[in-house]
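Structural description and commentary
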Amino acid sequence: MTYPTVPAAPDHIELEHRVLRLWESERTFERLRAQNAGGAPFSFIDGPITANNPMGVHHAWGRSLKDLIQRHRAMKGHELRYQNGFDCQGLWVEVEVEKALGLNSKREIEEYGLDRFARACRDRVAEYSAVQTRQSIRLGQWMDWDRSYYTMTDPNIAYIWRFLKECHDRGMLYRGNRPMVWCPRCGTSLSQHELIDSYRDRTHPTLHVRFPFVDDPEQAVVVWTTTPWTLPANVAAAVDPEAEYAAVRTSQGIDWVMATRVEDLFGESADVVRTAPGAELVGRAYRGPFDALEAQAEVEHRVVAWDMVSDDEGTGVVHIAPGCGAEDFELGREEGLAVLVPVDEAGVFTADYGFLAGQATVDAADGIREHLAGEGVLVRSGTIDHRFPVCWRCGTDLIFRVVEEWFISADPVRQAMIDAAATVEWIPEQYGKRMEDWLRNMGDWCISRKRYWGLPLPFYRAPDGSMTVIGSIEELRERAVDPLDGLEELHRPWIDGIRIHTDDGQVAERVTEVGDCWLDAGIVPFSTLGWDRGSHVEGGYAAGAGEGLTAADLPDQAYWEKWFPADWISEMREQIRLWFYAQLFMSVVLVGRAPYRAVLGYEKLHDETGRAMHKSWGNAIWFDDAVEEMGADVMRWLYALQTPSQNMNFGYGPANEVRRRLLTLWNSYAFFVRYAEIDGFAPTWSDLAGRPPSATPLDRWVVARVEEAVRECDAALDGYWTPTYARAVEALVEDVSAWYIRGSRARFWRSGADADKDAAFRTLWWALAQISRLIAPAMPFLAEELWQGIVRGHADGAPDSVHLAGWPVVAEPDQGALQSMRLAQTAISLGRAARAQGSRKLRQPLREAVVATPDAQARAAVEGLADEIARELNVKAVRIADAVDELLDVEVVPNFRALGPKLGKDIPAVQAALKAGDYARDGDDVVVLGHRLGPDEVELRTRPREGFAVADEGGLAVAVDTELDEALEDEGLARELIHFIQGRRKDSGLEVADRIRLTVAGDERLRRVVERHGEEIAAETLCTALDVGEAIDGAPFEADGCSGAVRLEPA
RNA sequence: GGGCGAUUAGCUCAGUCGGUUAGAGCGCCUCUCUGAUAAGGAGGAGGUCCCUGGUUCGAAUCCAGGAUCGCCCA
């Protein structure tokens, strides 16, 4: 079988599409699963991706890591589940559907019809889950795409019901009146989760307002607010009782503010008429700015004490509206203040707010300012630029509103969750601390949303106020008062029509709220694995809204026991407070332990300059563009190289760098294929199970080097740390290319066949095949291309795909070979430096290089690789010498690592004595200041003497003899001529193996060189007839002061 | 205010258990090699390892305090 034609550089895009077709047609993934069935389970649980939009390159990061680890484990023979998940419910889906339908409020949704709206949401999930599936396949991710789970299905919902009932039974579920962060556009509260990254730069109106005292209206406290719309709900003004306040005379009267704020507010020349501690102001009644409103009718305003008043900004007197702010609400509870909630769900003032009724909070500022000015209490108005939270989905400024929501108490499970989290391996480690910090501080979980497309909370309230929580579909069926015929799925509006009867015979209706979508995702380790189910139902997951979308089974308890907890999960860091948290919460409640053993988190994806990606900034990169431009392998290699705990700078620039680095591997592959084809080399499959035959020290070295790298890679991936793996691969590829191939080229060129050539081929093939397996988890396409190119069909018995070939199993690497080569590499690089110092081009052969080291072991090691060193340095001979030589001075340096524990405080003195030469050598030992130091305890360093072309590093020094004689010069000229002819061959389009005829003309010296070195010239240039002629019309040749001409013809 | 990180070459980043001469890639300069060639190699310029103090024979690394940046909480 012939080898493929390998282009100069890979076309990643074309290659990847070709490999995708190959996998598809050969059902490679299905075969892998069959091959691993029954293997030790490796349980990965996929965090559901919101099936709402096409996936982005930040999703591709996580998916690449998931795929990388799963492929590695699969290569090691583990059985995996490969279940992908889609997050299907919640505000994010609703908002996109609203946009698509042109709806812009809850009222419009209700007018549109909840049934049609639910269908539209379901359709959007169907559409984008399909898009994301297609994209993920393109990325090379192997999952069981037909059996993805969908969080909107009835089974998922029913499992959450079960969880909620459990919480209710334990008394953890309650309905609370709480100030919530509220989005007036979406008409819903936001949980703490949803405030992540929600602060934006905003400009808002500010007002300074007087609150005149009832008993002395000339005097007033002055407050400052950045939310004018909350002033109509004002009930109190807070001061710090400990702080000093000052009364300042102004044109409007006498204004009380905190003393430290006077200068900022009234200038240096402020007329302070009096000062007093805040405590003196506490209790004074004042006239509110909106007393005339119906809503304010019953309110008595007064100054209250509060220790949270700051003097950073404002006036040191704080406007308090308990219905409009979290801290205000808390203070209001302590002080027994009235709670006024001035706006409705849509952020519009209610009827009892007079002229403001019907206005939205954002539009009310002007009217409020005018009203205050008219009342004579406006001190000044302005604007402020500050960070302000906005709705993370629609960008609307958020407000605080006191609303009723459903909560699960955190305290009953807090400690159990902390304990469970401590059993988990968090990667990077500090994410565990973050989780613990979050758990210690978490508030109760607000689980309700006043929306439509989401988990229907199974809470049924009877006329007497008692509550029944439904825990399963069966229970709903048993208790239903209304016929279930119309209940096509567990969603609004259909579920809203079903009333139930309670244990005591009342008829109860469902509350209208839906659930937090993190309930949907958090239940997954139970709902998808069949926890506490008696039987396995094929395709059972496809119920409700998921019908037609998935073929996932509904497994049973035995299955759950096999796969729970997950061995590993991975998502971006913010999921600590979201999915990692929700899962942990639900798992601790249901089974009392953590649902995962190891968690890999990763940071954020930015553009290549380090800025966050934003559609509106024009720096966002679309996955579909990126994958078809840089290629999936390049993208995946970027992700693999990235340190997860650092933000990633992603873009085409870094991608090009990586693509260029990957060329080294490609070139190595191309090199092998070129010569394997010429020689008809047939590899031996069984070589991969052990070691190939070796003929040279270099062969033994590269084998050891591959074995070493396989172990490094394996350990890194076992620990889920991909950058160590990726760097180890790059270093290996570099070594194979720069040292093994470059050093072995001549063995491949040579015509004929012998044991040495066979060893070279088999060794290089072995190395490349192992590398193909090593990169397979990260770059599945490139790995497959290599495998198809040089393994499959060439080695009898080889698997059809690299992904069916398993992870390399290698012997303990030969440390001696590795160590020797490291020394030789140092010697070679020193020799080159020495040549450069002596101004001798590498093409000019030189007589001798001297490698000197006082270390006997090192001398032996270098001796074994003397041929390699001679070849690399283009010298006739390598002489190994000890350092007691005219080349070098020797210095003895302590080996601190070894001597530190032994000598302790004596080290500086010993160091100084050694440096001063104040020591004696006794065999391999060094005696200094009464200490006898063995060879492992000191290092002998060398320094070149003046006047030699010498370079040194560590304990090695290399000198080259730069003297030339006629023979060496002629040989150099022959090399020049060969180089020139090779260039002509290439220019005239000859194939590597084509034979030629040569005629060379030139001066006397050139003719002499051709005669003396004709054989070598002919061999190197594949010349069948070399003639020396006179004055021919060939290509002019000039080198080293000689001139001539060369004519070249195909033979 | 509390918590978690980060700070290393012009840029992007590695740096294991504390070991005395801190590395890579990219970029720049000089040179070089070449039938793997849109590559490769050698050399150079470029570093107060954020600062201060401490522990230690020895600190980029450990400890304390501070600065700046990022994230999380209040």
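Above this text is the structure in question.
The rules we used
- Residues numbered from 1 in each chain as written.
- Chains lettered and ligands numbered in written order.
- Predicted model: local features only at pLDDT ≥ 70, side-chain atom pairs only at ≥ 80, totals over all residues.
- Heavy atoms only, no water.
- Helix = DSSP H or I, 4+ residues; strand = E, 2+ residues; numbered from the N terminus.
- Rg over C-alpha atoms; globule rule 2.2 N^0.38 Å.
- Buried < 20%, exposed > 50% of the residue type's maximum accessible area, 1.4 Å probe, protein only.
- Contact = heavy atoms within 4.5 Å.
- Areas by Shrake-Rupley, 256 points an atom, 1.4 Å probe, with all protein chains shown as cover.
- Lys, Arg positive; Asp, Glu negative; His and termini not counted.
- Charge placed at Lys NZ, Arg CZ, Asp CG, Glu CD.
- Near = heavy atom within 4 Å.
- Polar contact = N/O pair within 3.5 Å; in protein donor to acceptor, adjacent residues only side chain to side chain.
- Nonpolar A, V, L, I, M, F, W, Y, C, P; charged D, E, K, R; others polar.
- Pairing = 2+ DSSP bridges.
- Axes fitted to C-alpha atoms, helices over the stretch in contact; angles between N-to-C directions.
- Phe/Tyr/Trp six-rings, centres within 6.5 Å; stacked < 30°, edge-to-face > 60°.
- Lys NZ or Arg CZ within 6 Å of the ring centre and 35° of its normal.
- Core = buried A, V, L, I, M, F, W, Y, C linked by side-chain atoms within 4.5 Å.
- Disulfide = S-S within 2.5 Å.
- Salt bridge = Lys/Arg side-chain N within 4 Å of Asp/Glu carboxyl O.

Re the overall build of chain A
Along its length, chain A carries 32 helices and 40 strands. A compact globule built from 1051 residues should have a C-alpha radius of gyration of about 31 Å, whereas chain A, at 39 Å, is more than 25% larger. Along the three orthogonal principal directions, the C-alpha set of chain A runs to about 120 × 80 × 65 Å. Taking all 1051 residues of chain A together, 56% fall into the buried category. Counted over contacts in chain A with a minimum sequence separation of 6, partners at least 24 positions apart contribute 76%. Split by element, the accessible area of chain A, about 43,100 Å² in all, is 46% carbon and sulfur. Looking at charge distribution, chain A has the averaged site of its 113 positive side-chain charges lying 4 Å from that of its 169 negative ones.

Focus: the protein's contact with RNA strand B
Taken together, 50 residues lie near RNA strand B, and Arg573, Arg577, Arg843, Phe896 and Arg985 sit nearest. Counting only atoms of RNA strand B within 4 Å of the protein, the sugar-phosphate share comes to 57%. Take Arg727: an N or O atom from its side chain is 3.5 Å from a sugar or linking oxygen of RNA strand B. Arg745 places a polar side-chain atom, nitrogen or oxygen, 3.5 Å from a phosphate oxygen of RNA strand B. Listing elements by their share of the surface near RNA strand B, those giving two or more residues are helix 13 (430-441), helix 21 (652-679), helix 23 (722-749), helix 26 (815-837), helix 29 (896-903), helix 30 (907-915) and helix 31 (966-987). Of the residues assigned to the surface near RNA strand B, the class counts are 14 nonpolar, 13 polar and 23 charged.

Notes on the sheet that holds strand 24 (residues 566-572)
Spatially, three strands are ordered 16-25-24 in an open sheet, and the strand pairing comes out parallel. Each of the sheet's edge strands pairs with one partner strand only, and the pair in question is strand 16 (425-427) and strand 24. Going across the sheet, the axis of each strand differs from the next one's by a mean of 15°, ignoring polarity. Here strand 24 runs beside strand 25 (residues 596-602); their pairing, made up of six bridges, is parallel. Bridging from a neighbouring strand, Ala566 pairs with Tyr596 of strand 25. Here helix 13 sits on the sheet in contact with strand 16 and strand 25, set at roughly 110° to strand 16.

Considering the side chain of Asp255
By secondary structure assignment, the location of Asp255 is in strand 10 (residues 253-258). A relative accessible area of 0% means that Asp255 is categorised as buried. Setting aside residues up to four positions removed in sequence, Asp255 forms contacts with Arg210, Ala220, Val222, Ala246, Ala247, Val248, Thr250 and Phe266.

Brief notes about the side chain of Ser129
If you trace the backbone, Ser129 turns up in helix 6 (residues 114-139). Leaving out residues up to four positions away in the same chain, Ser129 has contacts with Ala51, Phe86 and Tyr150.

A few points about the packing of aromatic side chains
Summed over the entire model, instances satisfying the criterion amount to 41 aromatic pairs. Aromatic side chains Trp23 and Phe781 sit 5.1 Å apart centroid to centroid with 25° between the ring planes, which places their arrangement in the stacked category. Here the residue Trp23 occupies a position in helix 1 (residues 12-26), and Phe781 occupies one in helix 25 (residues 780-790), the gap between them amounting to 758 residues. Taken together, the aromatic side chains of Tyr3, Phe671, Phe672, Tyr675, Phe681, Phe748 and Phe761 make up a single cluster linked through ring pairs. Sitting over the face of the ring of Tyr112, Arg116 holds its NZ or CZ atom 4.0 Å from the ring centroid. Note that Arg178 overlies the ring of Phe407, its terminal NZ or CZ placed 4.5 Å from the centroid.

Brief notes about the nonpolar core
Residues Phe163, Met435, Trp637, Phe650, Phe672 and Tyr725 are the most contacted members of the largest nonpolar core, which totals 235 residues. Setting aside residues up to four positions removed in sequence, Trp637 forms contacts with Val658, Leu662, Tyr725, Ala726, Val729, Glu730, Ala778 and Met779. Within the second largest apolar cluster, 53 residues are counted, among which are Met180, Phe211, Val221 and Ala233.

Describing helix 28 (residues 866-873)
Because each turn of an α-helix spans 3.6 residues, side chains separated by three or four positions end up pointing in the same direction. Across the eight residues of helix 28, six count as buried, placing the element largely inside the fold. Within the span of helix 28, buried status applies to Ala866, Glu868, Ile869, Ala870, Glu872 and Leu873.

Looking at unusual backbone geometry
In this structure, the amide linkage connecting Ile427 to the following residue, Pro428, adopts the cis form with an omega of -10°. A cis geometry characterises the amide bond from Phe564 onward to Pro565, with omega recorded as -5°. Tracing the sequence through the fold places Pro565 in the loop between helix 17 (557-563) and strand 24. Here the phi dihedral of Tyr82 falls at roughly 60°; this positive angle occurs in a residue that is not glycine. Structurally, Tyr82 can be placed in the loop between helix 3 (57-75) and strand 2 (85-87). On the accessibility criterion, Tyr82 (4% relative accessible area) is buried. One non-glycine residue, Asp532, adopts positive backbone phi at about 60°. By the element assignment, Asp532 lies in the loop between helix 16 (524-527) and helix 17.

Focus: the environment of Asp756
Relative to the elements of secondary structure, Asp756 occurs in helix 24 (residues 755-775). Spatially, the C-alpha atom of Asp756 lies 88 Å from that of Trp229, the residues being 527 residues apart in sequence.

A look at the state of the cysteines
Two cysteines joined by a covalent bond between their sulfur atoms form a disulfide. Counting across every chain of the model gives zero disulfides. The cysteine Cys167 is free of any disulfide, with Cys446 supplying the nearest cysteine sulfur at 14 Å.

Brief notes about the pattern of salt bridges
Taken as a whole and judged by the stated rule, the model has 70 salt bridges. For Asp264, the salt bridge goes to Arg261, with nearest N and O atoms at 3.0 Å. You can call Asp264 exposed: its relative accessible area is 55%. Of the charged contacts in the structure, one is a salt bridge between Asp482 and Arg499, with a shortest N-O distance of 2.9 Å. Taken together, the positions of Asp482 in the loop between helix 14 (473-479) and strand 21 (500-501) and Arg499 in the loop between helix 14 and strand 21 put the pair 17 residues apart, joining distant regions of the chain. Given a relative accessible area of 34%, Arg499 falls into the partly exposed group. Residues participating in the shared-partner salt-bridge network are Arg175, Glu404, Glu405, Lys450 and Glu513.

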